[in-house]
Amino acid sequence: MRWDENPEDRGRVKFAAAAGAVEGYGGRGLNGHALQHATGYLFPDQDGEEWWVIFQPWPSTGPQGHKVPGDILACNESRGDMVHVVVLAVGVWEDDAEAAFRANVPSRLEDAARVAATMAHVAATALSRRGPKAAG
């Protein structure tokens, strides 16, 4: 698992992990970007454990900028080398995810899960073409 900042990626913090180091996401790897709250990137849960909340884009068939569908995932790295994933939302637009997190400013994992649950899902045609089975 790694995370880093790339200036060419709109200042976003990338979050990546190989499929073999991920559990809870259907055998898929991660290569998304962290969603941010007011004071940083880590969202504590009710037990005090810290989680990354990331937007994981679906594979693209062409350049679409940042208007891509994907999933919102909570990733906890506390289990040694494995990244445990909890899926918070499936099939949402990247720009919508970023806007929802900016508008609602969740600071705890439970708040982030509530924000993700309220997001509109991508139209059925996009789901059938690039659904989560093909992700990552």
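Right above here is the structure, for reference.
Keep in mind the model is a prediction, meaning the values are calculated, not measured. Counting starts from 1 at the beginning of each chain's written sequence and moves along it residue by residue. In keeping with the model being predicted, local features are shown solely for residues with a pLDDT of at least 70 and side-chain atom pairs are shown and tallied solely at 80 or more, while totals for entire chains, interfaces and linings include all residues. For side-chain calculations, the full set of non-hydrogen atoms in the structure is used, while hydrogens and water are omitted.

Secondary structure follows DSSP: runs of H or I at least 4 residues long count as helices, runs of E at least 2 residues long count as strands, and numbering of each begins at the N terminus. Secondary structure summary: the chain contains 3 helices and 8 strands in total. Pairs of residues are marked as contacts when any of their non-hydrogen atoms sit within 4.5 Å. Look at the contacts in the chain between residues 6 or more apart in sequence, and 54% of them connect residues 24 or more apart. When the accessible area of the chain is evaluated, it comes to approximately 6,900 Å², of which 53% is carbon and sulfur surface. Per-residue and other accessible areas were derived by the Shrake-Rupley procedure at a 1.4 Å probe size, with only the shown protein chains allowed to occlude residues.

Moving on to the layout of surface pockets. For each structure, a 1 Å grid was placed over the protein atoms alone; sets of points admitting a 1.4 Å probe that cannot get out are labelled cavities, open sets with protein on both sides within 12 Å along at least five of seven lines are labelled pockets, and lining residues have an atom within 4 Å of a point. Grid points are joined across faces, edges and corners, and a volume is the space filled by probe spheres set on the points. If you add up the space inside the largest pocket, you get close to 170 Å³. Taken together, 11 residues form the lining of the largest pocket, with Ala-34, Leu-35, Gln-36, Glu-98 and Arg-102 sitting closest to its centre. Breaking the lining of the largest pocket down by element, the ones donating at least two residues are strand 4 (30–34) and helix 1 (94–104). At 3 residues, helix 1 tops the list of elements feeding residues into the lining of the largest pocket. Class assignment of the residues belonging to the lining of the largest pocket gives a composition of 5 nonpolar, 3 polar and 3 charged. Residue classes follow a fixed rule: Ala, Val, Leu, Ile, Met, Phe, Trp, Tyr, Cys and Pro count as nonpolar, while Asp, Glu, Lys and Arg count as charged, and any other residue, Gly among them, counts as polar.

Let's shift gears to the packing of aromatic side chains. Ring pairs are drawn from Phe, Tyr and Trp, using the six-membered ring of Trp, whenever the two centres fall within 6.5 Å, and their geometry is named by plane angle: stacked under 30 degrees, edge-to-face over 60, tilted for the rest. Taken as a whole and judged by the stated rule, the model has 3 aromatic pairs. On the numbers, 5.6 Å between centres and 50° between planes, the contact of Phe-15 with Trp-52 is tilted. Of this pair, Phe-15 sits in strand 2 (residues 13–17) while Trp-52 sits in strand 6 (residues 50–57), and the two are 37 residues apart along the sequence. In this pair, the class of Phe-15 matches that of Trp-52, namely buried. Pairwise contacts between aromatic rings join Phe-15, Tyr-41 and Trp-52 into one cluster. The ring of Tyr-25 carries Arg-28 above its face, with NZ or CZ at 3.9 Å from the centroid. Burial classes: relative accessible area under 20% of the type maximum marks a residue as buried, over 50% as exposed, and values in between as partly exposed (1.4 Å probe, protein chains only). As a reminder, the over-ring test applies to NZ of lysine and CZ of arginine, requiring each to be within 6 Å of the ring centre and within 35 degrees of the ring normal.

None of this, on its own, says anything about what the molecule does.
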